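Examining the three-dimensional arrangement
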Amino acid sequence: KAVALTAADLNPMKPRAQSVMRQRGVVPSADLVPLQFRMPPDFVRAFKQAALDRDMKLNELLNEVFIEFMKKSQS
């Protein structure tokens, strides 16, 4: 939704309200490398839902799953 702004909203000294959305991770985006591949729509939907259910970002879930996979494959 569009929010009406006033001159007070444009004041750079005004502290910004904390966003309801989750803040970015601790690793700066400039230090990350894109990883792109195609997956079936059902998998994408389920993966996104799994991340949402765990309050994780997609890359966080992928990283956790990969770490567990590597642990099991080294056993």
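1. Let's talk about unusual backbone geometry
Negative phi is the rule for most residues except glycine; trans is the rule for most peptide bonds. Look at aspartate 55: it is not a glycine, yet its phi comes out positive at around 55°. Examined against the element boundaries, aspartate 55 turns out to sit in the loop between helix H1 (41-53) and helix H2 (58-74).

2. Focus on the pattern of salt bridges
A full pass over the atoms with the stated rule returns two salt bridges. Arginine 45 serves as the salt-bridge partner of aspartate 42, at 3.0 Å between the closest nitrogen and oxygen. With a gap of three residues between them, aspartate 42 and arginine 45 both fall in helix H1, about one helical turn apart. Per residue, the accessibility class of aspartate 42 equals that of arginine 45, and both read exposed. Between glutamate 68 and lysine 71 there is a salt bridge; the shortest N-O distance is 3.3 Å. Here the residue glutamate 68 and the residue lysine 71 both occupy positions in helix H2, the gap between them amounting to three residues, near one helical turn. By relative accessible area, glutamate 68 is classed as partly exposed at 38%.

Parameters at a glance
Residues numbered from 1 in each chain as written. Predicted model: local features only at pLDDT ≥ 70, side-chain atom pairs only at ≥ 80, totals over all residues. Heavy atoms only, no water. Helix = DSSP H or I, 4+ residues; strand = E, 2+ residues; numbered from the N terminus. Salt bridge = Lys/Arg side-chain N within 4 Å of Asp/Glu carboxyl O. Buried < 20%, exposed > 50% of the residue type's maximum accessible area, 1.4 Å probe, protein only.

Remember that the coordinates give geometry; whether it matters functionally is a separate question.
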